[in-house]
Amino acid sequence: MFVCKLNPMRFTTIAKHQRLLSREPSILSSIALTRFKSSNPFNTGILFVPQQEAWVVERMGKFKRILEPGLNFLIPFLDRVGYVQSLKELAIDVPKQSAVTLDNVTLNIDGVLYLRVNDPYLASYGVEDPEFAITQLAQTTMRSELGKISLDKVFRERENLNFAIVESLNKASASWGLVCFRYEIRDIKLPNRVQEAMQMQVEAERKKRAAILDSEGIREADINVAEGKRQSTILASEADQQEQINRAQGEANALLAVAEAKAKGIRLIADALKETDGYNAATLKVAESYVEAFGKLAKSTNTVIIPSNTSDVSSMVTQAMSIYKTLTSKSKQSRRLSEEDK
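Scope of this entry: the structure provided in the associated data block. (Residues numbered from 1 in each chain as written. Predicted model: local features only at pLDDT ≥ 70, side-chain atom pairs only at ≥ 80, totals over all residues. Heavy atoms only, no water.)

Points about the overall build of the protein chain
Phase 1 of the analysis: Each helix and strand in the protein chain was counted, giving 9 helices and 8 strands.
Phase 2 of the analysis: Burial statistics for the protein chain: of 342 residues in total, 25% are counted as buried.
Phase 3 of the analysis: A fraction of 66% describes how many contacts in the protein chain between residues 6 or more apart in sequence connect residues 24 or more apart.
Phase 4 of the analysis: With an accessible surface of roughly 23800 Å², the protein chain has 57% of that area assigned to carbon and sulfur atoms. (Helix = DSSP H or I, 4+ residues; strand = E, 2+ residues; numbered from the N terminus. Buried < 20%, exposed > 50% of the residue type's maximum accessible area, 1.4 Å probe, protein only. Contact = heavy atoms within 4.5 Å. Areas by Shrake-Rupley, 256 points an atom, 1.4 Å probe, with all protein chains shown as cover.)

Side note on a nonpolar patch on the surface
Phase 1 of the analysis: Taken together, the side chains of I46, F48, L71 and F73 make up a nonpolar region of the molecular surface, amounting to roughly 460 Å² of accessible area.
Phase 2 of the analysis: Counting only elements with at least two residues in the nonpolar patch, the list comes to strand 1 (46-49) and strand 4 (70-73).
Phase 3 of the analysis: When you line up the elements, I46 lands in strand 1. (Patch = residues over 30% accessible without salt bridge, like charges linked within 9 Å, V, L, I, M, F, W, Y side chains within 5 Å. Salt bridge = Lys/Arg side-chain N within 4 Å of Asp/Glu carboxyl O.)

So, the sheet that holds strand 6 (residues 90-100)
Phase 1 of the analysis: Here 3 strands make up an open sheet; going across it, the order is 6-7-8 and the pairing antiparallel. Pairing within the sheet leaves two strands with one partner each, and these edge strands are strand 6 and strand 8 (178-189). Pairwise comparison of adjacent strand axes, ignoring direction, gives a mean angle of 25° for this sheet.
Phase 2 of the analysis: Judged from the 10 bridges that link them, strand 7 (residues 106-117) and strand 8 form a sheet pairing that is antiparallel. The residue bridging V112 from the neighbouring strand is E184, located in strand 8. (Pairing = 2+ DSSP bridges. Axes fitted to C-alpha atoms, helices over the stretch in contact; angles between N-to-C directions.)

Section: helix 6 (residues 158-173)
Phase 1 of the analysis: With 16 residues, helix 6 extends 22 Å between its outermost C-alpha atoms, agreeing within 8% with the 22 Å of an ideal straight helix rising 1.5 Å per residue.
Phase 2 of the analysis: Close packing links the buried residues of helix 6 with strand 7, helix 4 (130-146) and strand 8. (Expected span 1.5 Å × (residues − 1).)

A look at unusual backbone geometry
Phase 1 of the analysis: With a phi close to 70°, F77 is a non-glycine residue in the positive phi region.
Phase 2 of the analysis: Residue position: F77 is located in the loop between strand 4 and strand 5 (79-86).
Phase 3 of the analysis: Classification of F77 as exposed rests on a relative accessible area of 84%.

Some remarks on the packing of helix 4 against helix 6
Phase 1 of the analysis: Viewed as axis vectors pointing N to C, helix 4 and helix 6 meet at an angle of 135°, and their least axial separation amounts to 10 Å. What the angle tells us is that helix 4 and helix 6 run oblique. The way helix 4 lies across helix 6 gives a crossing that is right-handed. Mapping the contact onto sequence places I134, L137, A138, T141, M142, E145 and L146 in helix 4 and L161, A164, I165, S168, L169, A172 and S173 in helix 6. (Parallel < 35°, antiparallel > 145°, perpendicular 65-115°, else oblique. Left-handed = near helix turned anticlockwise from the far one by under 90°.)

Looking at the sheet that holds strand 2 (residues 53-59)
Phase 1 of the analysis: As summarised here, the arrangement of the 3 strands in space is 3-2-5, forming an open sheet in which the pairing is antiparallel. This sheet does not close on itself; its edge strands, each paired only once, are strand 3 (62-67) and strand 5. Taken over all neighbouring pairs, the strand axes of this sheet differ in orientation by 30° on average, direction set aside.
Phase 2 of the analysis: As paired strands, strand 2 and strand 3 are joined by 5 bridges and run antiparallel to one another. Bridge pairing in strand 3 links W55 to L67.

A short note on the nonpolar core
Phase 1 of the analysis: Ranked by size, the top nonpolar core spans 32 residues in total, and within it L113, I134, M142, L146, L169 and Y183 carry the most contacts.
Phase 2 of the analysis: Taken together, the elements giving at least two residues each to this core come down to strand 6, strand 7, helix 4, helix 5 (151-156), helix 6 and strand 8.
Phase 3 of the analysis: Considering each element in turn, this core owes the most residues, 6 residues, to helix 4.
Phase 4 of the analysis: For L169, the residues in contact, after removing those within four places along its chain, are L113, I134, L137, A138, T141 and C180.
Phase 5 of the analysis: If you look at the next biggest cluster of nonpolar residues, it comprises 7 residues, including L47, V49, L74 and V81. (Core = buried A, V, L, I, M, F, W, Y, C linked by side-chain atoms within 4.5 Å.)

Shown next as C-alpha cells:
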C-alpha cells in the first residue's frame, strides 16, 4: 500500500493567495500566472531524478543532500524529498502596477523577469516562495527606479532602466539562491490626458519640422537663384572683357600690319631711289601726285587754291623736286653726323 504525500507548500501558497485576493482583487492576474508546484515524489528507495532538476532530500526533517540527475537510492521512511527545484531558466510575468515618475506622472507598467535557480538549498530554505518573492521585489524595484526619472526618459532609457532593475534584483536575491538574467518592460500605459498631450506634442513637433524644412527649401531655392544670377553676370562680364580684349588685339594687329606695310613700302621706295634713274622716277611720281591732288581738290569742294602760274606745270614739279632734294640732303647730313659721332 502506497501513500501519496502532497507538498504542504502548495496548500500554504494557495491559502496565502486567497488571503491576498480577499484584500486586493487587482492581484488576480498575478495569481493566475503563478506556477503551482506539483507534489513531491514518494520515497520508494529507488528514485530517478530528471535532467535539469534538483531534489532536496531531508532525513527525519533535517537537510541531508541534493540528488543529482539519474539513479539515486534513499532509505524509505527515514528520507523524503522535501523540495523539487527546476534548474531551467524561468520566465516569470510581473503583473501590471502603478508607478509615479519624477515629474508626477502615473504609469501602468508590467514586464517579464528571466531567472534561474542557482542554489537549490537556498531556494528551498532561504525563502518560502522564491518566485513570489522575486516578483514582489521586481515590482517594488520598478516603482523605485521609475521615481528617479522623468516621463520622457522612461522611453529613451528603457534599456538602462532594465539593467538597473536586474542589478538591484541580483543583490537581493543572492540569499535566495536565484540569479536574475534580464528584465524586460513589456507594456507601458499612460493616462488618457497625458497620452493626448504627448500626441499633441508629437504633432506640434512634426509641424515644426515641416515648417523648418519648407523654410530651408525656400532658402535653398533663393540661394540657388541668386547664385545662378551671380554666375550669369560673371560669365557675361567675362565674355565682354574677352570680346574687348579680342577687339583690341585685332585693332592692334591691324595697326601693326598697316605700319609694317607702310614701312615695307618706304623701304621699297628707298631701295628704288638708290637704283639708276631712281631720281627721275621719283620726280615723275611727285608730279603725278601733285596733279592728282589738285584734281581731287576740285572735285570735293567749290573752293580751290591754285598757284599763280597754273599753266606752268613744269615749274610746279621743279618746285616739288627742289623740296625733295632739300629734304634728302638734310637726311644725308644727319646720317653722316651720326656716323661721325659713333
